[in-house]
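Residue-level listing of the chains:
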Amino acid sequence: SIVEFYERMQKILAEKGVSREAHQTPLEFAYALGMPQAVKITESYNRVRFGEGKLSDGEETEIEKWLTELSDTSDLSK
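Just so it is clear, the structure is predicted and the values come from calculations on it, not from any experiment.

Here we come to the overall build of the protein. Scanning the protein from N- to C-terminus turns up 4 helices and 0 strands. Helices (α) and strands (β) of the protein occur, in sequence order from the N terminus, as α-α-α-α. For 78 residues, the compact-globule formula gives about 12 Å, and the C-alpha radius of gyration of the protein, at 12 Å, lands near that figure. Counting only C-alpha atoms and orienting by the principal axes, one finds that the protein spans roughly 30 × 30 × 20 Å. Within the protein, the proportion of its 78 residues that are buried is 35%. Contacts spanning at least 24 positions in sequence make up 57% of the contacts within the protein whose residues lie at least 6 apart. Entry remark: accessible area of the protein is about 5,000 Å², with carbon and sulfur atoms responsible for 48%. The average position of the 10 basic charges and that of the 15 acidic charges among the side chains of the protein differ by 1 Å.

Contact pair helix 3 (residues 36-50) / helix 4 (residues 57-72): the axes reach a minimum separation of 9 Å and the direction vectors enclose 140 degrees. Of the possible angle classes, the one that applies to helix 3 and helix 4 is oblique. Of the two elements, helix 3 crosses helix 4, and the hand of that crossing is left-handed. Of the residues in helix 4, those in contact with Q37, A38, K40, I41, S44 and R47 of helix 3 are E59, I63, W66, L67, E69 and L70. Tallied by class, the residues present in the contact of helix 3 with helix 4 amount to 6 nonpolar, 2 polar and 4 charged.

Our focus in this paragraph is the packing of aromatic side chains. Tallied over the full model, the rule gives 2 aromatic pairs. Residues Y6 and Y45 carry aromatic rings whose centres are separated by 4.1 Å and whose planes lie at 20 degrees to one another, so their mutual orientation is stacked. Of this pair, Y6 sits in helix 1 (residues 4-15) while Y45 sits in helix 3, and the two are 39 residues apart along the sequence. You'll find Y6 and Y45 in the same group, each marked buried. Seen from their ring centres, Y45 and F50 are 6.1 Å apart, and the 80 degrees between their planes marks the pair as edge-to-face. Among the residues examined, Y45 registers a relative accessible area of 12% and is labelled buried. An aromatic cluster of at least three residues, connected via ring pairs, comprises Y6, Y45 and F50.

At a closest axis distance of 10 Å, the pairing of helix 1 and helix 4 adopts a crossing angle of 10 degrees. Judged on the interaxial angle alone, helix 4 and helix 1 are roughly parallel. Where helix 1 approaches helix 4, its residues F5, R8, M9 and I12 are matched on the opposing element by I63, E64, L67, L70 and S71. Taken together, the residues of the contact of helix 1 with helix 4 break down into 6 nonpolar, 1 polar and 2 charged.

What counts, and where the lines are drawn
Residues numbered from 1 in each chain as written. Predicted model: local features only at pLDDT ≥ 70, side-chain atom pairs only at ≥ 80, totals over all residues. Heavy atoms only, no water. Helix = DSSP H or I, 4+ residues; strand = E, 2+ residues; numbered from the N terminus. Rg over C-alpha atoms; globule rule 2.2 N^0.38 Å. Buried < 20%, exposed > 50% of the residue type's maximum accessible area, 1.4 Å probe, protein only. Contact = heavy atoms within 4.5 Å. Areas by Shrake-Rupley, 256 points an atom, 1.4 Å probe, with all protein chains shown as cover. Lys, Arg positive; Asp, Glu negative; His and termini not counted. Charge placed at Lys NZ, Arg CZ, Asp CG, Glu CD. Axes fitted to C-alpha atoms, helices over the stretch in contact; angles between N-to-C directions. Parallel < 35°, antiparallel > 145°, perpendicular 65-115°, else oblique. Left-handed = near helix turned anticlockwise from the far one by under 90°. Nonpolar A, V, L, I, M, F, W, Y, C, P; charged D, E, K, R; others polar. Phe/Tyr/Trp six-rings, centres within 6.5 Å; stacked < 30°, edge-to-face > 60°.

Dropping the structure here:
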């Protein structure tokens, strides 16, 4: 899947007890989290998913870094 990285982010967040509400768009959810990594990943997701863009190698590397940072974050509560 071209948007597998977004699915991975959702899984990481769900494992930490944070899930998107049905009424939230992916970007609304990311902004509500207040986590720059989630916003950047979601912006990349929107571009690839809806703009039919592709990720550069550099973007893929950055996304992997952001996913690791999210995974390593212990407290996602506000």
